[in-house]
Amino acid sequence: PPPPPPPPGFMMPGGAVGDAPGAKVLTKKLHWNPMSPHMVQNTVWSSLAPSAAAAVPTQTAEIEAKFQSLFCETVQEPRSTGLKARKTKKKKTSAFSNVQRLNNVSIGLKRFEAITGNYTELCDALIEMDQHVFTLDDLYLLKRLLPLEEELATATNVLRTRKDYVPLSTAEKFFFVVAKYAPIDVVQACTTFTFVLEFEEKVAVIRRDLECFTRCCTQVQTSACLHQLLGKALEVGNLANSRFAPAHRRSAPALGFKMDSLEKLRDIKAKGKSDMDLQMFLVQMIRTDFPHLLRVAHETADLERGRHVDMDAAQADVKDLVQELQKLRTQMTRVDHQANMSSGMQAKLRLFLDQANSHCTAVTALALDAGGKAKATLSFFGEPPTTKPATLLTRLYMFITSFQ
């Protein structure tokens, strides 16, 4: 049989009490686990229903009134915000596919908001190579923010075919401003401007390194103390391999040795003394009997810095500078490239090229002189020409510092 009806006065779910405007309702839900109708049959709940149905209605009303006063409250109907009545606007899509790239560019451009008033002024200062506006660090960042080739093509196409397109982000606005400067190439202007500011610093670094390297080579070739220390190392080595060597491995006294042999002096340990080797024996001998040779550090003062100079890298840097200058000089003589530059930029580049040529000539001569010094130094110490100068100088430096 179907389940019995609820007792009189009790509300069914969705009853009228909570439906009336301004009615008091329970604002929280009781999260219990109700039984389905067929599960109620033959349970305590089926036996309770008839007695509940016989309950006095007035008592039921009192119970409801008390329940409402304790647990219920009046809830106002939410005011209409009018949002439902509005039509949903169609979301605009960007003309550029890489949204993450646009976000990164927009963030990077915040640095330049305090430098210039707008992106047109930013580009004007860039194509005029205004050093009062940009530092070298600014240009490094700006090179990463300027539109890539495909982004510039997209911006140019949108400007030509979609007159009503509204940029959706700061980056898009910037790309469109750059595109409007055609035929002036803002991206190339940034690259050229960066090279101009880097040039003087690069020349100074290369000149400093080459001059230090040249002095270093001269010092190790002319240091009397270094040469005498190497002579003492030769004597100690001959004591080990000739004078005190057993007959079966005794060799004739050596007249000289390759500089990598200096590292081998530490391999011969004193009997019963692990902290004493041929190198330490030589150091103690020099400190005790030939202390004047300790002036070697003063005579080779530039060795510590000079040994770090990579001659291959320095000569490659000089070659790159010469090629970049030649490329820039070619651009200045071609009409099609001149059209991509502002008149102010062309004037500044002509002045720069006049000054850069003399700097480049001087640093090229330094590189040739340093290269000659490197070959002479390798030959002086009996090293093969394939040995890197930095390797030889480092071995000499480690040998000299062991006496300090």
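Further up the page is the structure itself.
Note that the structure is predicted; figures quoted are calculated from it, not measured. The residue numbers shown here count from 1 along each chain, following its written sequence. In view of the model being predicted, local features appear only for residues whose pLDDT reaches at least 70, and side-chain atom pairs are presented and counted only at 80 or more, with totals across whole chains, interfaces and linings using the full set of residues. Side-chain figures throughout are based on the complete set of non-hydrogen atoms in the structure, without hydrogens or water.

**Q** Just checking my understanding: could you explain the overall build of the protein for this structure?
**A** Secondary structure is summarised from DSSP: a helix means a run of H or I of at least four residues, a strand means a run of E of at least two, and numbering begins at the N terminus for each. Within the protein, the secondary structure is distributed over 17 helices and four strands. Relative accessible area decides the class of each residue, using a 1.4 Å probe on protein chains only: under 20% of the type maximum gives buried, over 50% gives exposed, and in between gives partly exposed. Relative to its full complement of 404 residues, the protein shows a buried share of 33%. Across the protein, every contact between residues at least 6 apart in sequence was considered, and the portion connecting residues at least 24 apart equals 77%. Accessible area of the protein: about 25900 Å², with a carbon and sulfur share of 57%. The criterion used for residue contact is that any of the two residues' heavy atoms lie within 4.5 Å. Each accessible area value is a Shrake-Rupley result obtained with a 1.4 Å probe; residue values ignore everything except the protein chains displayed when judging cover.

**Q** Even after reading the chapter, I still don't get unusual backbone geometry, so can you show me in this structure?
**A** What you tend to see is this: most non-glycine residues have negative phi, and most peptide bonds are trans. Cis geometry is adopted by the peptide bond preceding Pro-183, which originates at Ala-182 and carries an omega value of 10°. Within the fold, Pro-183 resides in the loop between helix 8 (170-179) and helix 9 (186-222).

**Q** I'm lost on the layout of surface pockets in this one. Help?
**A** Any empty space left between the atoms is revealed when a probe the size of a water molecule rolls over them. Both cavities and pockets are sets of points on a 1 Å grid over the protein atoms alone; in a cavity a 1.4 Å probe fits but cannot get out, in a pocket the set is open with protein on both sides within 12 Å along at least five of seven lines, and lining residues sit with an atom within 4 Å of a point. Grid points are joined across faces, edges and corners, and a volume is the space filled by probe spheres set on the points. Estimated volume of the second largest pocket: approximately 490 Å³. Looking at the second largest pocket, it is lined by 25 residues, and the ones nearest its centre are Val-236, Gly-237, Asn-238, Ala-240 and Asn-241. Considering each element in turn, the lining of the second largest pocket owes the most residues, eight residues, to helix 10 (residues 224-243). Under this grouping Gly is polar, as are all residues other than the nonpolar Ala, Val, Leu, Ile, Met, Phe, Trp, Tyr, Cys and Pro and the charged Asp, Glu, Lys and Arg. Of the residues that constitute the lining of the second largest pocket, the class distribution is 17 nonpolar, six polar and two charged.

**Q** Can you walk me through the packing of helix 7 (residues 149-161) against helix 8 in this structure?
**A** Angles run from 0 to 180 degrees between N-to-C directions of axes, and those axes are lines fitted to C-alpha atoms, restricted for helices to the stretch in contact. Orientation of helix 7 relative to helix 8, taken along the N-to-C sense of each, is 80°, at an axis distance of 9 Å. Compared by their axis directions, helix 7 and helix 8 come out roughly perpendicular. Where helix 7 abuts helix 8, its residues Glu-151, Leu-152, Ala-155, Thr-156, Val-158 and Leu-159 lie against Phe-175, Phe-176, Val-178 and Ala-179. Looking at the contact of helix 7 with helix 8, its residues break down into eight nonpolar, one polar and one charged. Should an angle fall under 35 degrees it is called roughly parallel, over 145 degrees roughly antiparallel, and 65 to 115 degrees roughly perpendicular, with every other angle called oblique.

**Q** Looking at this structure, how should I read helix 9?
**A** Side chains three or four residues apart in an α-helix point the same way, a direct result of the helix having 3.6 residues per turn. The span you would expect from a helix comes to 1.5 Å times its residue count less one. The end-to-end C-alpha distance of helix 9, which contains 37 residues, comes to 54 Å, matching closely the 54 Å that a straight helix rising 1.5 Å per residue would cover. Bend at a given residue is defined as the angle between two axes, one fitted to the seven residues that end at that position and one fitted to the seven that begin there. In helix 9, a bend of some 35° at Glu-198 exceeds every other bend along the element.

**Q** Any chance you could explain the packing of aromatic side chains here in plain terms?
**A** Each aromatic ring pair is specified by the distance between its two centres and by the angle formed by the two planes. Centre distance within 6.5 Å is the pairing criterion for rings of Phe, Tyr and Trp, where only the six-membered ring of Trp is used; planes under 30 degrees apart are then read as stacked, over 60 as edge-to-face, and the remainder as tilted. According to the stated counting rule, one finds nine aromatic pairs in the structure shown. Grouping aromatic residues by their ring pairs yields a cluster made of Phe-112, Phe-134 and Phe-193.

**Q** I tried to follow the pairing of strand 4 (residues 273-277) on my own but got confused; where do I start?
**A** For a regular strand, side-chain orientation follows a simple rule: the groups alternate between the two sheet faces. As defined by bridge partners, strand 3 (residues 269-270) adjoins strand 4 across two bridges and the pair is classed as antiparallel. Within strand 4, the residue paired with Lys-269 across the bridge is Asp-277. The hairpin formed by strand 3 and strand 4 contains two residues between the paired strands, and Gly-272 there has a positive phi angle of roughly 75°. Following DSSP output, two strands are said to pair if at least two bridges run between them.

**Q** Is there a simple way to think about helix 17 (residues 389-401) in this case?
**A** Between its first and last C-alpha, helix 17 extends 18 Å over 13 residues, near the 18 Å set by a 1.5 Å rise per residue. Those residues of helix 17 that fall on the buried side of the exposure criterion are Pro-389, Leu-392, Leu-393, Leu-396, Tyr-397, Phe-399 and Ile-400. Considered in projection along helix 17, the buried side chains sweep an arc of 165° and stay on one side of the axis. In this fold, the buried residues of helix 17 make contact with helix 9, helix 10, helix 11 (278-289), helix 12 (296-299), helix 13 (303-306) and helix 16 (343-380). Here the arc refers to the set of directions running from the helix axis out to each C-beta atom.

**Q** What is the right way to look at the environment of Ala-347 in this model?
**A** In this structure, Ala-347 sits in helix 16. Of the residues examined, Ala-347 reaches a relative accessible area of 45% and is grouped as partly exposed.

**Q** Looking at this model, I keep getting lost on the environment of Thr-300. Mind explaining?
**A** Along the chain, the position of Thr-300 falls in the loop between helix 12 and helix 13. Look at Thr-300 and you get buried, because its relative accessible area is 5%. The residues contacting Thr-300, other than those within four sequence positions of it, are Gln-219, Val-220, Ser-223 and Ile-400. A polar contact is formed between the side chain of Thr-300 and the backbone oxygen of Val-296, at a distance of 2.8 Å. In protein, a polar contact means a hydrogen-donor-capable atom and an acceptor-capable atom, both N or O and within 3.5 Å, with residues adjacent in sequence counting only if both atoms are side-chain atoms; elsewhere, any N or O pair within 3.5 Å suffices.

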